[in-house]
Structure formats: C-alpha cells, structure tokens
Amino acid sequence: MPRFTDKVAVITGAARGQGRSHAVRLATEGADVIALDICHDIDSVAYDLATPADLQETARLVAEQGRRVVTAQVDVRDADATVKAVADGAGQLGGIDIVLANAGIGIMSDADPRRAFRDQLDVNLVGVWNTVQAAAPLLIEQKRGGAVVLTSSAFGLTGRGGDGTGGSDGYVASKHGVVGLMRTFATWLAPHGIRVNCVNPTGVATRMVLNPAVEALFGGGSEPSAEPKPVDDVANLFDVPLVQVDDVTAAVAFLASDEARYITGVALPVDAGMLVR
C-alpha cells in the first residue's frame, strides 16, 4: 500500500532539486502536492534560482503520477503570501497532512556581506518559520495529525562551515536555527498528534552546489562539474563528494510517513559520515 495515499503535502522550494525530488516521490506514493517556489533570483545569491518553467515541470511530473498538484510562485520570506498560498492549496486539495519546509539558499556573493548574512537568515530560517506558521493552524484545526519535515544541513549540527564571511556564517547560523525551530515546534505540536523532524544532509548534487560560483571557489574552474572537489569542511567519511537528491528524499519520505509515527524532535543526518570525520 502506498504510504501517502490521498494525503496532501505542502513543499517549498519545489521547483527543482530536493524539493522536486520530494514532490515526485510523495506523488508516486499517493500524495497530492502543493508546490511552492520563489521562481526568481535573489541578488545576493551567487547562482541562478529556479524559474517558473522549473515549477511547471515539477507540476507535470507530479501529474504524471496521477496525482493532483497546485502551484504558486511564493517567496517564503513573505509571511502573508505564504499563508495565502498554503490556504489556497489546502482549499483546492482538501486540507494538508505533510509539510516539507525545504526552500533554502546556499553560496552567496561577496559584494555585500551584511546583505548576504541577512538573506541567508531570512530565507533559510525565517522562511521555515513562516511556512510552519502558515500550515500549523490548518493541521491543528483538521484534527487528523500530520508530519512536518524541515530541511536543515549537516552544518546545522557542527561548528564547521563558517569562515567569517556573511554568506557562509549566515548559512551555518540559519541551519543551526532550523534545528532549534524543529525542537520547539515538536514540543508545540505533539499534543495535536503532529510530528516535527528535520533532515540534515551533507552536500547534495543540486544546483546549489553544482554551479560556476562553487566551482570557481573550490574547484578552480568556470563551469560546474559532476563531482566538484570538496574542501576540508565538507569532505565526507564515505568516498563520495556529494549525496544524491534521492538519498535525502528517502529520509524525508520516511520521516513524513506513518512508519515514523513515534519519531519527533529528531535531526536526521544524511551526511555520508561528514559529522563523524
């Protein structure tokens, strides 16, 4: 029996990468999807973000699984817009059962370190708070439980990763903050039968890592390669430079499923041994 038959999942950052992978996997197992993404660039981010065409491709892939899908171009930094998108999607699909607060940004431009630091916090941390605050009242009102999975990072569980620059310090701080939100949300929502966990990946083979800015910084080239050279901070114990999106999706799908019905307040690394190293 598919694990998510007739359940509805809200997924942010759904236009490509991990978000698209999560959407397709849950749809394959029976879920309808509310797919949200900003679908335009942010000036301080050093690589291109998803496009409206990317979001439509995610919608096509979900529909290809025979499931319903609602899309919206939403910046998770905008609390009111996030509330509206979640409510509209829930109204069309019959509520929500799963929340995947996945939207996030990575490497930043050095042009304005203060802006880079703030944008990391606003997207990666405030955006997660906005997403859960938009969805939680609906989950509580429905009285049918639910599962929330936040996307943090292995850098949210270690002192490595920051180097004094606005972008990297903001990334590490925001991902630590997501772990803190997960724990307090788990406490808040447990009486309502709603579980909250987070997933903490090492580097994942998505555009956030496979882009010219990262390659120029770490790999010495001008074009992204399939396996960029890892630096000491992100080298894994296993002999893989990056994990694949499917590896993270498998963990997210488990945490969102009834197989994890008594698991809440957990930060689950998918880190190829990075945190042991």
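Residues numbered from 1 in each chain as written. Predicted model: local features only at pLDDT ≥ 70, side-chain atom pairs only at ≥ 80, totals over all residues. Heavy atoms only, no water.

An unreviewed UniProt entry lists the protein under the name Mycofactocin-coupled SDR family oxidoreductase, from Pseudonocardia charpentierae. Checking UniProt for the protein, the heading Sequence similarities (unreviewed entry) contains the comment "Belongs to the short-chain dehydrogenases/reductases (SDR) family." (UniProt positions renumbered as here; feature names shortened; annotations may be inferred.)

A closer look at the sheet that holds strand β7 (residues 267-270)
Overall, parallel pairing links the seven strands, which are arranged β3-β2-β1-β4-β5-β6-β7 in an open sheet. Edge positions in the sheet fall to β3 (69-73) and β7, since each has one partner strand and no second. Direction aside, the axes of adjacent strands within the sheet are offset by 15 degrees on average. Note: strand β4 (residues 98-101) against strand β5 (residues 146-151), four bridges, orientation parallel. Within β5, the position partnered with Val-99 by the bridge is Val-148. Relative to β3, helix α2 (residues 52-64) is tilted by about 170 degrees, and along the sheet it contacts β2 (32-37) and β3. (Pairing = 2+ DSSP bridges. Helix = DSSP H or I, 4+ residues; strand = E, 2+ residues; numbered from the N terminus. Axes fitted to C-alpha atoms, helices over the stretch in contact; angles between N-to-C directions. Contact = heavy atoms within 4.5 Å.)

What about the packing of aromatic side chains?
Counted by the stated rule, this structure contains two aromatic pairs. Between Phe-155 and Tyr-171, the aromatic rings sit 6.4 Å apart at their centres with planes inclined by 90 degrees, giving edge-to-face as the arrangement. Pair noted here: Phe-155 is in the loop between β5 and α5 (166-189) and Tyr-171 is in helix α5, with a separation of 16 residues, a long-range link. In terms of burial, Phe-155 and Tyr-171 fall into one category: buried. Between Phe-185 and Trp-188 the ring centres are 5.8 Å apart and the planes differ by 55 degrees, which places this aromatic pair in the tilted class. Taken as a pair, Phe-185 and Trp-188 lie in helix α5 at a separation of three residues, close to a single helical turn. Accessibility expressed as a relative area gives 4% for Phe-185, which makes it buried. (Phe/Tyr/Trp six-rings, centres within 6.5 Å; stacked < 30°, edge-to-face > 60°. Buried < 20%, exposed > 50% of the residue type's maximum accessible area, 1.4 Å probe, protein only.)

A few points about the packing of helix α1 (residues 17-28) against helix α7 (residues 245-256)
The N-to-C vectors of α1 and α7 enclose an angle of 55 degrees; their axes lie 9 Å apart at closest approach. Relative to α7, the element α1 is oriented oblique. The two elements α1 and α7 meet at a crossing, and its hand is right-handed. Contacts from Gly-17, Gln-18, Ser-21, His-22, Arg-25 and Leu-26 in α1 reach Val-245, Asp-246, Val-248, Thr-249, Ala-250, Val-252 and Ala-253 in α7. For the contact of α1 with α7, the class distribution of residues is six nonpolar, five polar and two charged. (Parallel < 35°, antiparallel > 145°, perpendicular 65-115°, else oblique. Left-handed = near helix turned anticlockwise from the far one by under 90°. Nonpolar A, V, L, I, M, F, W, Y, C, P; charged D, E, K, R; others polar.)

Considering the pattern of salt bridges
Under the defined criterion, the tally for this structure stands at 18 salt bridges. Here Glu-29 makes a salt bridge to Arg-25, at a shortest N to O gap of 2.9 Å. The partly exposed category is assigned to Arg-25, whose relative accessible area is 29%. Note that Glu-57 and Arg-60 form a salt bridge whose closest N and O atoms lie 2.7 Å from each other. Separated by three residues within a single helix, Glu-57 and Arg-60 lie in helix α2, roughly one turn from each other. Note on Glu-57: relative accessible area 26%, which makes it partly exposed. (Salt bridge = Lys/Arg side-chain N within 4 Å of Asp/Glu carboxyl O.)

Details of the packing of helix α4 (residues 113-142) against α5
As a packed pair, α4 and α5 sit with axes 7 Å apart at the nearest point and diverge in direction by 15 degrees. As summarised for this structure, α4 and α5 are arranged roughly parallel, according to the angle between their axes. Taken as a pair, α4 and α5 cross one another with a handedness that is right-handed. Of the residues in the contact of α4 with α5, the class split is 17 nonpolar, eight polar and two charged.

Some remarks on unusual backbone geometry
You will see that Cys-39, though not glycine, has its phi angle at about 60 degrees, which is positive. Along the chain, Cys-39 turns up in the loop between β2 and α2. Its relative accessible area of 7% is what places Cys-39 among the buried residues.

Topic: α2
Across its 13 residues, α2 extends 18 Å between first and last C-alpha, which sits within 8% of the 18 Å expected from 1.5 Å per residue. What α2 keeps buried is the set Leu-55, Thr-58, Ala-59, Leu-61 and Val-62. Buried residues in α2, looked at end-on, bunch into an arc of 165 degrees, giving them a common side. In α2, those exposed residues whose orientation departs by more than 90 degrees from the buried face are Ala-53 and Glu-64. With its phi angle positive at about 80 degrees, Gly-66 sits one or two positions after the end of α2. (Expected span 1.5 Å × (residues − 1). Arc of directions from axis to C-beta.)

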